[in-house]
Amino acid sequence: MRDFDFQSSTWRQMMATGMRNIQVDDEVFAYLQRHSEPLVDTANDVLRRVLLGAQQPPVDEAGSRPTGALMPILEAGLAAPNDMLRHHQPKLGRTHEATISADGWVELPDGRAFQRPSPALRTQTGNQINGWGQYTHVPSGRPLQELREEAAKTQD
């Protein structure tokens, strides 16, 4: 069995954060690893996605959602709200598009919004896929991953 200590091992801290510890066997752990985006997803992200589908995270008391993963790219001036993202699957003859919201989320044409690009593109293609590497920022013609790396350099 493997322990997932999402926040803390003390009951008081777990109650304060709303996070709990769980134990999973090696088969479940391997599943979580296969369905996660390395260095981005937590075990909780994977479980939320698998168990709750594409449901949006809860909004805070002010009615706002957390900042999306594309916010550093927006803040660096490398993209703008409403810029188009595109992924083309030439063998299948399919093209998937999305836009960047003002708060850094990826919004699909059907209105669903995702905090990170990989779950958005996974929803569109039906496959495990790296949205950072596969979505192209249409105005610049560059993959999101390049923009992400450049934005990180400007924050240093």
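Analysis parameters
Residues numbered from 1 in each chain as written. Predicted model: local features only at pLDDT ≥ 70, side-chain atom pairs only at ≥ 80, totals over all residues. Heavy atoms only, no water. Pairing = 2+ DSSP bridges. Helix = DSSP H or I, 4+ residues; strand = E, 2+ residues; numbered from the N terminus. Contact = heavy atoms within 4.5 Å. Axes fitted to C-alpha atoms, helices over the stretch in contact; angles between N-to-C directions. Buried < 20%, exposed > 50% of the residue type's maximum accessible area, 1.4 Å probe, protein only.

*Asks:* Lay out the sheet that holds strand E4 (residues 94-100) in plain terms, naming residues and giving numbers.
*Replies:* Pairing in this open sheet of six strands is antiparallel, and the strands run E6-E5-E4-E3-E7-E8 from one edge to the other. Two strands bound the open sheet, and with one partner strand each, they are strand E6 (113-114) and strand E8 (142-143). Taken together, the two bridges between strand E7 (residues 136-137) and E8 define a ladder with antiparallel strand orientation. From the neighbouring strand, His137 faces E8, where its bridge partner is Arg142. Contacts from helix H5 (residues 117-125) reach strand E3 (84-89), E4, strand E5 (106-107) and E6 within the one sheet, and its direction differs from that of E4 by about 145°.

*Asks:* Pulling in residues and values, what's your account of the pairing of E3?
*Replies:* Burial along E3 is one-sided: Leu85, His87 and Gln89 are buried, and none of Met84, Arg86 and His88, which face the opposite way, are. In this structure, E3 lies alongside E4, joined through six bridges in antiparallel fashion. By the bridge assignment, Met84 is partnered in E4 with Thr99. Between the end of E3 and the start of E4, which pair antiparallel, lie four residues, with Gly93 showing a positive phi angle near 65°. Note that E3 and E7 share two bridges and pair antiparallel. What sits directly across from Arg86, in E7, is Thr136.

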